[in-house]
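Summary of structural features
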Amino acid sequence: MEKEKQLQAIQVYVKEIFHDDATGHDYFHMKRVAEMAKTIAKQENADLFVAEAAGWLHDIGDHKLFDNPTKVINDLYSFLESIQVSSDEIEKVRIAARDVSFSKGKTPTTIEGKIVQDADRLDAIGAIGIARTFAYGGAKGQLIFHDSKQESTSIRHFYDKLLKLKDLIHTATAKQIANERHSFMETFLEQFYEEW
Ligand code: NI
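Definitions and limits used
Residues numbered from 1 in each chain as written. Predicted model: local features only at pLDDT ≥ 70, side-chain atom pairs only at ≥ 80, totals over all residues. Heavy atoms only, no water. Helix = DSSP H or I, 4+ residues; strand = E, 2+ residues; numbered from the N terminus. Rg over C-alpha atoms; globule rule 2.2 N^0.38 Å. Buried < 20%, exposed > 50% of the residue type's maximum accessible area, 1.4 Å probe, protein only. Contact = heavy atoms within 4.5 Å. Lys, Arg positive; Asp, Glu negative; His and termini not counted. Charge placed at Lys NZ, Arg CZ, Asp CG, Glu CD. Expected span 1.5 Å × (residues − 1). Phe/Tyr/Trp six-rings, centres within 6.5 Å; stacked < 30°, edge-to-face > 60°. Lys NZ or Arg CZ within 6 Å of the ring centre and 35° of its normal. Salt bridge = Lys/Arg side-chain N within 4 Å of Asp/Glu carboxyl O.

Looking only at helices and strands, one finds 9 helices and 0 strands in the chain. What you see for the chain is a C-alpha radius of gyration of 17 Å, in line with the 16 Å of a compact globule of 196 residues. The dimensions of the chain, computed from C-alpha atoms along their principal axes, are 55 × 35 × 25 Å. When each of the 196 residues of the chain is scored for burial, the buried share is 45%. Residue pairs in contact within the chain that sit at least 24 positions apart in sequence constitute 65% of those at least 6 positions apart. Measuring between centres, the 25 positive side-chain charges of the chain sit 3 Å from its 32 negative side-chain charges.

Right, let's get into helix H6 (residues 111-122). Structural remark: α-helix, 3.6 residues per turn; residues separated by three or four positions point the same way. A rise of 1.5 Å per residue sets the reference length of H6, with its 12 residues, at 16 Å; its end C-alpha atoms lie 16 Å apart and thus fit the reference within 8%. A large share of H6 lies buried, amounting to 10 of its 12 residues. Buried within H6 are the following residues: Glu112, Gly113, Ile115, Val116, Gln117, Asp118, Ala119, Asp120, Arg121 and Leu122. On its buried side, H6 packs onto helix H2 (27-43), helix H3 (48-57), helix H5 (87-98) and helix H9 (172-195).

Considering all chains together, one arrives at 13 aromatic pairs under this definition. Taken together, a centroid distance of 4.7 Å and an interplanar angle of 75° make the contact between Phe145 and Trp196 edge-to-face. Of this pair, Phe145 sits in the loop between helix H7 (126-139) and helix H8 (154-160) while Trp196 sits in the segment after H9, placing them 51 residues apart in sequence. Between Phe192 and Tyr193 the ring centres are 5.9 Å apart and the planes differ by 85°, which places this aromatic pair in the edge-to-face class. Of the residues examined, Phe192 reaches a relative accessible area of 14% and is grouped as buried. Residue Tyr193 is classed as partly exposed on the basis of its relative accessible area of 35%. Among the aromatic residues, ring-to-ring pairing joins Phe134, Phe145, Phe158, Phe188, Phe192, Tyr193 and Trp196 into one connected group. Above the plane of the ring of Phe49 lies Lys3, whose end atom (NZ or CZ) is 4.9 Å from the centre. Positioned above the aromatic ring of Tyr27 is the side chain of Lys15, whose terminal nitrogen or guanidinium carbon lies 4.8 Å from the ring centre.

Here H9 is 24 residues long and its end C-alpha atoms lie 35 Å apart, about the 34 Å a rise of 1.5 Å per residue gives. Taken together, the buried positions of H9 are Thr173, Ala174, Ala178, His182, Met185, Leu189 and Phe192. Tucked inside the fold, the buried residues of H9 contact H2, H6, H7 and H8.

Turning to the pattern of salt bridges, a few remarks are in order. Scanning all chains against the criterion turns up 13 salt bridges. Between Glu91 and Arg94 there is a salt bridge, and its shortest N-O distance comes to 2.9 Å. Linking Glu91 with Arg94, this pair stays in helix H5, spanning 3 residues, or about one helical turn. A salt bridge links Asp167 to Lys166; the shortest N-O distance between them is 3.3 Å. Since its relative accessible area comes to 54%, Asp167 is described here as exposed. Several salt bridges converge on common partners, so that one network encompasses Arg32, Asp123 and Arg132.

In structure tokens, the structure reads:
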């Protein structure tokens, strides 16, 4: 199967899994990460197919999102075989997607992995990142903010994670975008406190 057809099949597969997610990990998150990964991969001369495919698939099997991650991941590999992605490429995609998650605290070992991690982090900051943070907090029953208690609120998440991300970006292409999105979050927080 041609690469383009394989990517289309992957897109359909991902839509099936994430279409009704309300935690900020919906199909459109996967789409933005896949497209951003492809854009960065072009600039960085990385493998476009591996970067884009891993962008689409990076959240499949995440412990936060799935009750049975092992089964979900095994199903994914069977699916990739069924659309004739070579075992060599499946391995590259697996490695690129494996260490993306912020909570694992890992640095991916391949350039495609670093690119997908950058793309995922870019989607966690800026206007989209702000929207996703409150969606996630709402889905998990958290408060927007609490002005005295040190509990896990959505605003607290900015300090625990979001404001740290720009310094954890690997590629120059993503770094530039991260800086802009970071400033936007700072402006948002100033305004938020003013209104609060
Ligand atoms: Ni993600």
